[in-house]
Each structure stands twice: as C-alpha cells, then as structure tokens.
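Coordinates in review
If you want the building blocks of each chain, they are given just below.
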Amino acid sequence: MQHEKMRRLVLAAMFAAITAVTAQLVIPLGFTPVPFTLALIAIFLTGALLDPKTAFLAQLAYLLIGAAGAPVFSYFSGGLQKLAGPTGGYLLAYPFMALTAALFLKRFGRGFLRYCAAMLLSLFVCYTLGTLQLIVLSGMSPMEALAAGVLPFAVFDIVKAAISAVLASALYRALGRARLLAAVI
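- Per an unreviewed UniProt entry, the protein chain is named Biotin transporter, and its organism is Anaerotruncus colihominis DSM 17241.
- Its UniProt record gives the protein chain a comment under Subcellular location (unreviewed entry), which states: "Cell membrane".

Some thoughts on the packing of helix α2 (residues 39-49) against helix α7 (residues 112-138)
- Viewed as axis vectors pointing N to C, α2 and α7 meet at an angle of 125°, and their least axial separation amounts to 10 Å. Relative to α7, α2 is oriented oblique. In the crossing of α2 with α7, the sense of the turn from one axis to the other is right-handed. Contact with α2, carried on its side by L40, F44 and A48, involves Y115, M119, S122, L123 and C126 of α7 and no other residues of that element.
- Looking at side-chain class alone, the contact of α2 with α7 contains 7 nonpolar, 1 polar and no charged residues.

With respect to the UniProt feature "transmembrane region" (unreviewed entry) in the protein chain
- If you check UniProt for "transmembrane region" (unreviewed entry), the listed places come out as residues 33-50, 57-76, 88-105, 112-137 and 149-172 in our numbering.
- Segment residues 112-137 splits into 100% helix and 0% strand. End C-alpha atoms: 37 Å apart.
- Each end of residues 149-172 is marked by a C-alpha atom, and these two atoms are 31 Å apart; helix forms 83% of the span and strand 0%.

Here's the deal with the side chain of T22
- Considering the arrangement of structural elements, one finds T22 in helix α1 (residues 2-22).
- Residue T22 is classed as buried on the basis of its relative accessible area, which comes to 13%.
- Excluding residues that lie within four positions of it along the chain, T22 makes contacts with T37, L38, A39 and A42.

Things to note about the pattern of salt bridges
- Applying the stated rule across the entire model yields 3 salt bridges.
- Residue E4 pairs with R8 through a salt bridge whose shortest N-O separation is 3.0 Å. Of this pair, E4 and R8 both sit in helix α1, 4 residues apart, which is roughly one turn of that helix.
- Judged by relative accessible area, R8 falls into the partly exposed class, the value being 22%.

Brief notes about unusual backbone geometry
- Not every positive phi belongs to a glycine, and Y75 is a case in point at roughly 60°.
- Locating Y75 in the fold gives a position in the loop between α3 (52-67) and α4 (80-84).
- By relative accessible area, which is 51% here, Y75 ends up exposed.

Observations regarding the nonpolar core
- By size, the foremost hydrophobic cluster in this structure holds 52 residues, and its most contacted members are L40, Y62, Y94, M97 and M119.
- For this core, the secondary structure elements donating two or more residues are α1, α2, α3, α5 (88-92), α6 (94-108), α7, α8 (142-149) and α9 (154-177).
- For this core, the leading source of residues is α7, giving 9 residues.
- Setting aside residues up to four positions removed in sequence, M119 forms contacts with F44, A48, A161, S164, A165 and A168.

A look at the environment of E144
- Following the sequence through the fold, E144 ends up in helix α8.
- In this structure E144 comes out as partly exposed when scored by relative accessible area, which is 45%.
- For the pair E144 and T131, spaced 13 residues apart in sequence, the C-alpha separation works out to 9.6 Å.

Some remarks on the packing of aromatic side chains
- Throughout the structure, instances matching the rule amount to 6 aromatic pairs.
- Aromatic side chains F36 and F153 sit 6.0 Å apart centroid to centroid with 15° between the ring planes, which places their arrangement in the stacked category. Pair noted here: F36 is in strand β2 (residues 36-37) and F153 is in the loop between α8 and α9, with a separation of 117 residues, a long-range link.
- The buried category is assigned to F36, whose relative accessible area is 8%.
- The buried category is assigned to F153, whose relative accessible area is 4%.
- With centroids separated by 5.5 Å and ring planes inclined at 70°, the aromatic side chains of F56 and F96 adopt a geometry described as edge-to-face. Highlighted residues: F56 in helix α3 and F96 in helix α6, separated in sequence by 40 residues.

How each quantity is defined
Residues numbered from 1 in each chain as written. Predicted model: local features only at pLDDT ≥ 70, side-chain atom pairs only at ≥ 80, totals over all residues. Heavy atoms only, no water. UniProt positions renumbered as here; feature names shortened; annotations may be inferred. Axes fitted to C-alpha atoms, helices over the stretch in contact; angles between N-to-C directions. Helix = DSSP H or I, 4+ residues; strand = E, 2+ residues; numbered from the N terminus. Parallel < 35°, antiparallel > 145°, perpendicular 65-115°, else oblique. Left-handed = near helix turned anticlockwise from the far one by under 90°. Contact = heavy atoms within 4.5 Å. Nonpolar A, V, L, I, M, F, W, Y, C, P; charged D, E, K, R; others polar. Buried < 20%, exposed > 50% of the residue type's maximum accessible area, 1.4 Å probe, protein only. Salt bridge = Lys/Arg side-chain N within 4 Å of Asp/Glu carboxyl O. Core = buried A, V, L, I, M, F, W, Y, C linked by side-chain atoms within 4.5 Å. Phe/Tyr/Trp six-rings, centres within 6.5 Å; stacked < 30°, edge-to-face > 60°.

Here's what the structure looks like:
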C-alpha cells in the first residue's frame, strides 16, 4: 500500500513537471491575451495515463507550485496574479480537464477514439472555465471572449488532442508493459 502511494506521488510530480516544461513552449500570437502553449498536451496525457485522483492532484500540484511563485506558467511566470487574472481560468481548468479525461476513460475504456473523445471533452471544460473568467474579469462580451480565448486556438487544440491520443495509446501500452502504471490504473 505504501509503495502504491509513493508511485502515485512520483507520477503526479512527474506530470506536474512535464506540464511546467510544456507551458514554456509558447508561440506568441500578439492578437490575443491567452498564450498559445503546448501545455494542453501534458494535460491531455495526464488524464489519459493516470487514474482520476492522481491526474487531478498532478495538475493541482502544478497550479499550487505556480501560485507560490515558481516560474512554471507560460513565459516563465508564476504567482497568484496569473491565476486571478483574466486568463487564469484556462489554467484553473487544468485539474478539472485531467480529471474529466481520466473519469471518461475509466468509465468507457481506452482506444484511440475514446482518447480523442476524452480529450475533446476536457478541452470543452478548459474553454468553458477559461472563457467564463475572461468574461467576468475583462469585461468582454461572451462573443469577444470566445473570439479572444477560443477561436484562435480551437483548430490547433484539436490537433493537439489528436497527437495526444496517438501518444497516449503508445505510452499506455509501453508503460503498462514496464509495469509503471500498474498500481495506479
């Protein structure tokens, strides 16, 4: 039992670290306040490879580390102001995205199409929470917030979900054979 708890802790820490690294891979767009990063791939893989509790905790740990001031958010930033700002809702959605994908896969099983569905469902969670906070804190209308925080990213995020589904399929099999996920899933 102690070994399983340690494995969960290590996996959660690893996925929080992977998220921190992918958040630094930013493509500046300039016309939107929301940064375009590869962090969603890490979130998608967190939900696809970990059990619901560990997936949620991994992304919660990432947020707490960033809230404490560690430079783990895009552009090597950190602090509560990032989470409390207009675009913070997209970050705050991360634990719920990972949880949503993990719960979906636990309920419906694995496979490329199920991975895609789980990731698209979690993307809807991200867009919903992020857009709501953008509306409330920026004063944008719902259409303006969608135009700034969803529309420029939707196609690319769907591509990220498809890439993540391919990666998740391969990683789940490989990590399962190596017995690295056995105690968690």
